[in-house]
Amino acid sequence: MTGREAALRVRDLRVTFSMHQGDIRAVRGVSFDIAEGETMGLVGESGCGKSVTAFSVLRLIRPPGRIDSGSILCRGREIMAMEEDELRGVRGREIAMIFQEPMTSLNPVLTAGYQIRENIMLHTGAGRREARERAVEMLRLVGIPDPAKRFDSYPHEFSGGMRQRVMIAMSLSASPSILIADEPTTALDVTIQAQILDMLLSLQKERRMSLLLITHDLGIVANSADHVAIMYAGEIVEYGTTKDIFKRHLHPYTKGLFEAVPKIGGRGGRLRTIPGTVPSLSREPGGCVFYPRCHWASPECAAAPVELRKIGKDRLVRCIKA
């Protein structure tokens, strides 16, 4: 997207879900790069296509969904062209993912340590004894108390924050170079959220991983992401460095997101909202997808689809008024 050397490069990704009411175009023409060791925040409201984008990177989209087109390059290797056997070697070993809800992602009838150990054996070829030692070390690394004992604990015996730490340990156990974190602090209280994020970012920096951080919370990306992509209705509508995005909002949707965030020390009153509703994705929009909700809108915005255009060195926006 910006010409930087990329560990992960996605180009023109399009994903459709065939439903009884018709085809839902959940992701439409998404492109981005994540450089070596960089964190990119993918931000947007629920249902905008963030998680579908993440699942697509690992080709985890299942019927009724399908990836219609696009290129996904992991260190120059085309994931879209891989056979299933080769793809299994990439999942977990080169690109790992932390899912939203650890209780549904962990197998409830297998111990936490067993699941981490099996992941290590599968992706590294380590023997049972070595894999167990590494699994215990991973549990220690993510802050699980008495890791040798908790190796034999089942997921329901951990708190929500500790289950998330187990998921992170499993994701990092095969030393991936790229990590996708899909809402990694969902349903955790604020204190635990901060602990999990600090730990995750510390491990990322220590291991020089590239990180795709998916969230609807602008506060999470403020101090953790190098670049931010704002997503709306299946499209990226704005992209830039975190500093630039937070300093100056070029797209009206980005501006609306920031205005809806409660301000510390505010006088109270009603929070600002973005008027209208998210458009149906069952048909291609004739013009700007945000047009029906935009206070900058004019007839020319509805005349034709709006492409991402470059503004300055490292800034992209999908708006003809910006």
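Shown above is the structure to which this text applies.
Numbering of residues starts from 1 in each chain and follows the order in which that chain's sequence is written. Per-residue local features of the predicted model are confined to residues with pLDDT of at least 70, and side-chain atom pairs are confined, for both listing and counting, to 80 or more; whole-chain, interface and lining totals are unaffected and use all residues. As a rule here, side-chain values cover all heavy atoms of the structure and leave hydrogens and water aside.

Enquirer: How should the pairing of strand β2 (residues 22-35) be read in this particular structure?
Expert: Put simply, side chains in a regular strand alternate between the two faces of the sheet. The classification of residues rests on relative accessible area computed with a 1.4 Å probe and restricted to protein chains. Under 20% of the type maximum is buried, over 50% is exposed, and intermediate values are partly exposed. Only DSSP runs of H or I reaching four residues or more are called helices, and only runs of E reaching two or more are called strands; each is numbered from the N terminus. Burial analysis of β2 places 11 of its 14 residues in the buried class, the great majority of the element. A pair of strands is labelled paired if DSSP reports no fewer than 2 bridges between them. Taken together, the 11 bridges between strand β1 (residues 6-19) and β2 define a ladder with antiparallel strand orientation. Its bridge partner being in β2, Phe-17 is matched across the sheet by Ile-24. The hairpin formed by β1 and β2 contains two residues between the paired strands.

Enquirer: When you look at the sheet that holds strand β3 (residues 39-43) in this model, what are you seeing that I'm missing?
Expert: To summarise the sheet geometry, strands pair through backbone hydrogen bonds and adopt either a parallel or an antiparallel arrangement. Strand order across the open sheet formed by eight strands is β6-β7-β8-β3-β9-β10-β12-β11, with mixed pairing between neighbours. A strand with exactly one partner marks an edge of an open sheet, and here the two such strands are β6 (95-98) and β11 (309-310). Pairing analysis gives five bridges linking strand β7 (residues 178-182) to strand β8 (residues 210-215), with the strands arranged parallel. For Leu-179, the partnering residue across the bridge sits in β8 and is Leu-211. Residues count as neighbours in contact if any of their non-hydrogen atoms are within 4.5 Å of one another. Lines fitted to C-alpha atoms define the axes, with helix axes restricted to the stretch in contact, and inter-axis angles between N-to-C directions lie between 0 and 180 degrees. Taken strand by strand, helix α11 (residues 252-259) contacts β9 (227-232) and β10 (235-241), and its axis lies near 100 degrees from that of β9.

Enquirer: When you look at the packing of aromatic side chains in this model, what are you seeing that I'm missing?
Expert: Aromatic ring pairs: the centre-centre distance and the angle between the two ring planes describe each pair. Pairing of aromatic side chains requires ring centres within 6.5 Å, counting the rings of Phe and Tyr and the six-membered ring of Trp. Pairs whose planes differ by under 30 degrees are stacked, by over 60 edge-to-face, and all others tilted. Under the defined criterion, the tally for this structure stands at five aromatic pairs. Ring centres of Tyr-232 and Phe-290 lie 5.1 Å apart, and the angle between their planes is 90 degrees; this geometry places the pair in the edge-to-face category. Taken as a pair, Tyr-232 in strand β9 and Phe-290 in the loop between α11 and β11 lie far apart in primary sequence, 58 residues in all. Take Tyr-232: its relative accessible area is 0%, and that puts it in the buried class. Ring plane angle 90 degrees and centroid distance 4.9 Å describe the contact between Phe-246 and Phe-258, whose orientation is recorded as edge-to-face. On the criterion of sequence distance, the pair formed by Phe-246 in helix α10 (residues 242-247) and Phe-258 in helix α11 is long-range, its members being 12 residues apart. We classify Phe-246 as partly exposed; its relative accessible area is 28%. A relative accessible area of 13% places Phe-258 in the buried class. Each residue in the set Tyr-232, Tyr-253 and Phe-290 is aromatic and connected to the rest through ring pairs, giving one cluster. Counted as over-ring charges are cases with an Arg CZ or a Lys NZ within 6 Å of the ring centre that also lie within 35 degrees of the ring normal. Of note, Arg-132 hangs over the ring of Phe-151, and the distance from its end group to the ring centre comes to 3.9 Å. Against the face of Phe-158 rests Arg-150, its NZ or CZ located 4.2 Å from the ring centre.

Enquirer: What am I meant to see in the pattern of salt bridges here?
Expert: For side chains bearing opposite charge, pairing can occur when the charged atoms are close. Every case where a carboxyl oxygen of Asp or Glu lies within 4 Å of a side-chain nitrogen of Lys or Arg is listed as a salt bridge. Evaluated as defined, the whole model comprises 20 salt bridges. The shortest N-O distance in the salt bridge between Asp-23 and Arg-66 comes to 3.5 Å. Here Asp-23 is found in strand β2, whereas its partner Arg-66 is found in strand β4 (residues 65-74), with 43 residues between them in sequence. Where Arg-77 meets Glu-86, a salt bridge forms, and the shortest distance between an N and an O atom there is 3.0 Å. For Glu-86, a relative accessible area of 38% gives the class partly exposed. Within this structure, Arg-9, Arg-11 and Asp-33 form a network of salt bridges that share partners.

Worth remembering: the numbers are spatial, not functional.
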